[in-house]
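A structural walkthrough
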Amino acid sequence: MEFSGTFELEDVTTEEVWLALSDPVMIEHALPGCEFLVAVDDTDPDFDALREEHADRDVEPTSDPAVIAERAFEEGNHYAAIIGISIGPVNPTFETVVTIDDRDQSYMEASGEGSAGDSSFEMSSWMDLDEADDGVEVEWATEADVFGRIAQMGQRVINPAANQVVKRFFSSVQDELREREIAEGGTVEQAQSDEDGRGIVDRILGRSDGSKQ
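Looking at an unreviewed UniProt entry, the protein carries the name Carbon monoxide dehydrogenase, with the source organism given as Halococcus dombrowskii.

1. Topic: the overall build of the protein
Scanning the protein from N- to C-terminus turns up 8 helices and 7 strands. For the protein, the residues scored as buried account for 45% of the 213 residues in total. Long-range contacts, defined here as pairs at least 24 residues apart, represent 63% of the contacts in the protein between residues at least 6 apart. When the accessible surface of the protein is totalled, it reaches about 11,100 Å², and 41% of it is carbon and sulfur.

2. Focus on the sheet that holds strand 6 (residues 119-132)
Read across the open sheet, the 7 strands follow the order 1-7-6-5-4-3-2; overall the sheet is antiparallel. Each of the sheet's edge strands pairs with one partner strand only, and the pair in question is strand 1 (2-10) and strand 2 (34-40). Neighbouring strand axes in the sheet, compared pairwise and without regard to direction, differ in orientation by 20° on average. Here strand 2 pairs with strand 3 (residues 78-84) via 6 bridges, running antiparallel. Counterpart to Val38 in the pairing with strand 3 is Ala80.

3. Observations regarding helix 3 (residues 47-54)
Of all the positions in helix 3, only Phe47, Leu50 and His54 are classed as buried. Along helix 3, the residues classed as buried sweep out an arc of 55° about the axis, all on the same side. In helix 3, the exposed positions that point more than 90 degrees away from the buried face belong to Asp48 and Glu52. Against strand 2, strand 3 and strand 4 (93-104) lie the buried residues of helix 3. The N-cap of helix 3, judged by a side-chain oxygen 3.1 Å from the amide nitrogen of Asp48 a few residues on, is Asp46.

4. Some words on the pairing of strand 5 (residues 107-116)
A one-sided burial pattern is seen for strand 5, the buried positions being Met108, Ala110, Gly112, Gly114 and Ala116 and the unburied ones Tyr107, Glu109, Ser111, Glu113 and Ser115. Sheet analysis places strand 4 next to strand 5, joined by 9 bridges and oriented antiparallel. Note that in strand 5 the partner of Glu95 across the bridge is Ser115. Between the antiparallel neighbours strand 5 and strand 6 lie 2 residues, among them Gly117 with a positive phi of about 60°.

Criteria and thresholds
- Residues numbered from 1 in each chain as written.
- Predicted model: local features only at pLDDT ≥ 70, side-chain atom pairs only at ≥ 80, totals over all residues.
- Heavy atoms only, no water.
- Helix = DSSP H or I, 4+ residues; strand = E, 2+ residues; numbered from the N terminus.
- Buried < 20%, exposed > 50% of the residue type's maximum accessible area, 1.4 Å probe, protein only.
- Contact = heavy atoms within 4.5 Å.
- Areas by Shrake-Rupley, 256 points an atom, 1.4 Å probe, with all protein chains shown as cover.
- Pairing = 2+ DSSP bridges.
- Axes fitted to C-alpha atoms, helices over the stretch in contact; angles between N-to-C directions.
- Arc of directions from axis to C-beta.
- Polar contact = N/O pair within 3.5 Å; in protein donor to acceptor, adjacent residues only side chain to side chain.

If you want it as structure tokens, here you go:
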């Protein structure tokens, strides 16, 4: 199955959106049905242990570039999530592991798999950010193989559910950006003059030499 689309985020810059989408905590809060999204050592984590460890955690998205830099997505790393979703008459909760395959402002590519009882999926996806007249246009695409009970429902049922999740996700990102004004104005300039010569923001954006892209 293939899914794709575009979503425009208003009154923001590419750098602001990239910073937001670099923060796993932001993604966790914006993604409908996500219980947690955390870095793991490999693609076969103990989800029972992860549930117990993160059940009562209270971590909020931030506008502090230094905090984002400490926990930002990194190319080659693995991330585990518990995600509940409504698809037709069923409401599976997927144990999901995603690997960041490519990450370089303003492009990110990931692959992963998830399972929930008698259903499972494998997927690869990418997104790319472009400046638009009134903000930033996010282009995204996903290829997925779906198995089990959900696969029996067919693409006519799965597509609307997937598109609704994406729409709600980017709407939540827009709300978070408006509320927290991530990396706006002097905050970015201050972070870019970090004492190591690269700058905190440059590390988040995946720049090796501190240059603008």
